[in-house]
Amino acid sequence: MTLWKYTEVGHNQDAKKEAVVFNSESVFATPKPERLIERILTLGSNEGDLVLDSFLGSGTTSAVAQKMRRRWIGIELGEHCYTHCLPRLKAVVDGEQGGISKSQEWNGGGGFKFYELAPTLIIMDAHGQPVISDKYNPQMLVAAVAKLNGFAYRPDAEVFWKQGISQDSSYIFVTTEYLTAAQLDDIARDLPEYERLLICAPAFDIGLGKRYENIDIRKIPQSVLSKCEYGVDNYDLNIVNPPELDEEEWDDVEQ
Ligand SMILES: C[S@@+](CC[C@H](N)C(=O)[O-])C[C@H]1O[C@@H](n2cnc3c(N)ncnc32)[C@H](O)[C@@H]1O
């Protein structure tokens, strides 16, 4: 009773024909036909549901989910992420007419966000100590530490220590240099009492953390390690209650 004939759900040759449209030079080796995924999503989901394919391949699941008005998350680690998934999903949003488009009366619409996973921020050195990976340039480091601490990366053109801002208008300054009391006093002089500042530095003079009521100081990499999980088998991701963002104000943050 569960036999799905290729006349109903397509076959591998259909799938290759669908995939070749998005990259004729290198056809993905094992694509699935859109009709097969359409049937699975019809049985297992409703419009607006979230569909996850963590082995996206040529992008069939996300393409079908988009055409069937589902939300989706696709994850892929191969280069064909750029050569197949991305062009395919852009074309789908633009109203591509292959696969199940006709049966779904799909004429394009919606959109998606494309993220690249960054390299590991903290690595162990030869002595087993956590250190910042040299794959991170200063700009990447500031952006990553800011995000982990709840700040949007937004360097101020004039004030060097205003590198990020949080929703309650406090600022973050990330430095890879040792922080002295004199440097902190210079910064504090320009910080009005009603504003707050978080400074992340590898090391600093004793007692600096308590020197100003509106300036917090944290050590990196320790402050990063306290926010991340490393070396566990199960990384729980809370996608049921993701953090709320004010779309308009924070749109640029998410790019
Ligand atoms: C059989 S293909 C999926 C085919 C896909 N369903 C389609 O119709 O095009 C499996 C994919 O999983 C990807 N993959 C393997 N391990 C992965 C991982 N750990 N994270 C993300 N993608 C992975 C491979 O690069 C490959 O493209």
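The structure displayed is predicted, hence computed values, not measured ones.

1. Comments concerning helix 2 (residues 12–20)
Every buried residue belonging to helix 2 is among Asp14, Ala15, Glu18 and Ala19, and all of these are buried. Each buried residue of helix 2 sits inside an arc of 130° when the element is viewed along its axis, so together they form one side. Against the buried residues of helix 2 lie helix 3 (34–44) and helix 5 (80–93).

2. Observations regarding the site of the ligand
Around the ligand, a shell composed of 13 residues is seen, among which Lys32, Ser58, Thr60, Glu76 and His80 lie nearest. Between the ligand and Glu76, the relevant distance is 2.6 Å, taken from an oxygen atom to a side-chain nitrogen or oxygen of the residue. With respect to the ligand, the backbone of Leu77 contributes an N or O atom lying 3.4 Å from a nitrogen atom. In terms of residue class, the shell around the ligand is built from five nonpolar, six polar and two charged.

3. Some remarks on the packing of helix 4 (residues 60–67) against helix 5
Relative to each other, helix 4 and helix 5 sit at 10°, their axes nearing to 10 Å. With respect to helix 5, the axis of helix 4 lies roughly parallel. Residues Thr60, Ser62, Ala63, Gln66 and Lys67 of helix 4 form the contact with helix 5, whose own contacting residues are Arg88, Leu89, Val92 and Val93. The class makeup of the residues in the contact of helix 4 with helix 5 is four nonpolar, three polar and two charged.

4. Examining the pairing of strand 2 (residues 71–74)
Here is the key point about a regular strand: its side chains alternate between the two faces of the sheet. Both strand 1 (residues 50–53) and strand 2 contribute to a ladder of four bridges, which runs parallel. Following the sheet pairing, Leu52 is matched in strand 2 by Ile73. The handedness of the strand 1 to strand 2 crossover, carried by helix 4, is right-handed.

Here is what the cut-offs are and how they apply
- Residues numbered from 1 in each chain as written.
- Predicted model: local features only at pLDDT ≥ 70, side-chain atom pairs only at ≥ 80, totals over all residues.
- Heavy atoms only, no water.
- Buried < 20%, exposed > 50% of the residue type's maximum accessible area, 1.4 Å probe, protein only.
- Helix = DSSP H or I, 4+ residues; strand = E, 2+ residues; numbered from the N terminus.
- Arc of directions from axis to C-beta.
- Contact = heavy atoms within 4.5 Å.
- Near = heavy atom within 4 Å.
- Polar contact = N/O pair within 3.5 Å; in protein donor to acceptor, adjacent residues only side chain to side chain.
- Nonpolar A, V, L, I, M, F, W, Y, C, P; charged D, E, K, R; others polar.
- Axes fitted to C-alpha atoms, helices over the stretch in contact; angles between N-to-C directions.
- Parallel < 35°, antiparallel > 145°, perpendicular 65-115°, else oblique.
- Pairing = 2+ DSSP bridges.
- Right-handed = clockwise from strand over helix to strand, strands pointing away.

What is shown is where atoms sit, not what they do.
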